[in-house]
Amino acid sequence: LTLSLDTFYIDNNDKTKLSDKVKVYGTHLSYLTYDKKYYADLGYAYSDYYKGLTIEQWTPTFGFGFNKQRDWLQVRGYFISSNKRNRTQGEKNVEAVDLSLTHYFDGQTFKLNKIKGSYLTGERFYTVDRDSANVYNLDDIQKEGFALLAEFQLNETIKLTVSGGKERFINKILNDSYSSTYIYSALSTTF
């Protein structure tokens, strides 16, 4: 069993103040079986926005390993509610599902450690993504997303991670839809 507590604070120059001075508090309880075949967790996040908007988010997750734990399938639900519909495009509650599949390598081929693909469907707003330590502090509704990640173990202490993805959003008030494409890389070391 693992228990963690998270806090986030967003301070920016938003002239409307709607996405500024955001405070997020979260907790996360996870369980991994001793043989590392099954995983479950439950996350909760409470976000406090300007002029009394509060967002509550529950994220139950289930995962399991197969193919001698070289493959890992994970399903995470997002259940998000708002106390002010007028600040969340008329929506009080939204739900989404994030499905991911990870394959682990032995590091012998191109020093590749793992690859991961994920797909999000449903609707989310003001999401707290604990895995990426990211807070989506806008009221636009995320409708879909996918991502790919590759991790290379360059030597015993240095790791290279490369990922990219695309997310689709809609703003019902402005009748506008758009997408966001990203590429991310990180070089990390352990001592």
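Structure first, text after, so check above.
**What to know about the pairing of strand β11 (residues 158-171)**
Then step 1. As paired strands, strand β10 (residues 141-153) and β11 are joined by 12 bridges and run antiparallel to one another. By the bridge assignment, Glu 151 is partnered in β11 with Thr 161.
Then step 2. Linking two consecutive strands that pair antiparallel, namely β10 and β11, is a turn of 4 residues.
Then step 3. The pairing of β11 with strand β12 (residues 176-189) spans 14 bridges and is classified as antiparallel. Residue Ile 170 lies in a different strand from β12, and its bridge partner there is Ser 177.
Then step 4. Hairpin connection between β11 and β12: a loop of 4 residues separates the two successive antiparallel strands, and Asn 175 in this loop has a positive phi of roughly 50°.

**Focus: a nonpolar patch on the surface**
Then step 1. Taken together, the side chains of Leu 1, Leu 3, Leu 5, Leu 29 and Tyr 31 present a nonpolar region at the surface, about 620 Å² in accessible area.
Then step 2. For the nonpolar patch, the secondary structure elements donating two or more residues are β1 (2-10) and β2 (22-32).
Then step 3. With respect to the secondary-structure elements, Leu 3 resides in strand β1.

**Comments concerning the pattern of salt bridges**
Then step 1. Under the counting rule described, the total for this entry stands at 9 salt bridges.
Then step 2. A salt bridge links Asp 131 to Arg 76, with the nearest nitrogen and oxygen atoms 2.7 Å apart. Remark: Arg 76 occurs in strand β5 (residues 71-82) and Asp 131 occurs in the loop between β8 (128-129) and β9 (134-135); sequence separation between them is 55 residues.
Then step 3. For Arg 76, a relative accessible area of 8% corresponds to the buried category.
Then step 4. Linking Glu 123 and Lys 143 is a salt bridge whose minimum nitrogen-to-oxygen distance equals 2.7 Å. Residue Glu 123 is located in strand β7 (residues 112-124), and its partner Lys 143 is located in strand β10; the two are separated by 20 residues in the primary sequence.
Then step 5. Each member of the salt-bridge network shares a partner with another, and the members are Asp 11, Asp 20 and Lys 21.

Parameters at a glance
- Residues numbered from 1 in each chain as written.
- Predicted model: local features only at pLDDT ≥ 70, side-chain atom pairs only at ≥ 80, totals over all residues.
- Heavy atoms only, no water.
- Pairing = 2+ DSSP bridges.
- Helix = DSSP H or I, 4+ residues; strand = E, 2+ residues; numbered from the N terminus.
- Patch = residues over 30% accessible without salt bridge, like charges linked within 9 Å, V, L, I, M, F, W, Y side chains within 5 Å.
- Areas by Shrake-Rupley, 256 points an atom, 1.4 Å probe, with all protein chains shown as cover.
- Salt bridge = Lys/Arg side-chain N within 4 Å of Asp/Glu carboxyl O.
- Buried < 20%, exposed > 50% of the residue type's maximum accessible area, 1.4 Å probe, protein only.

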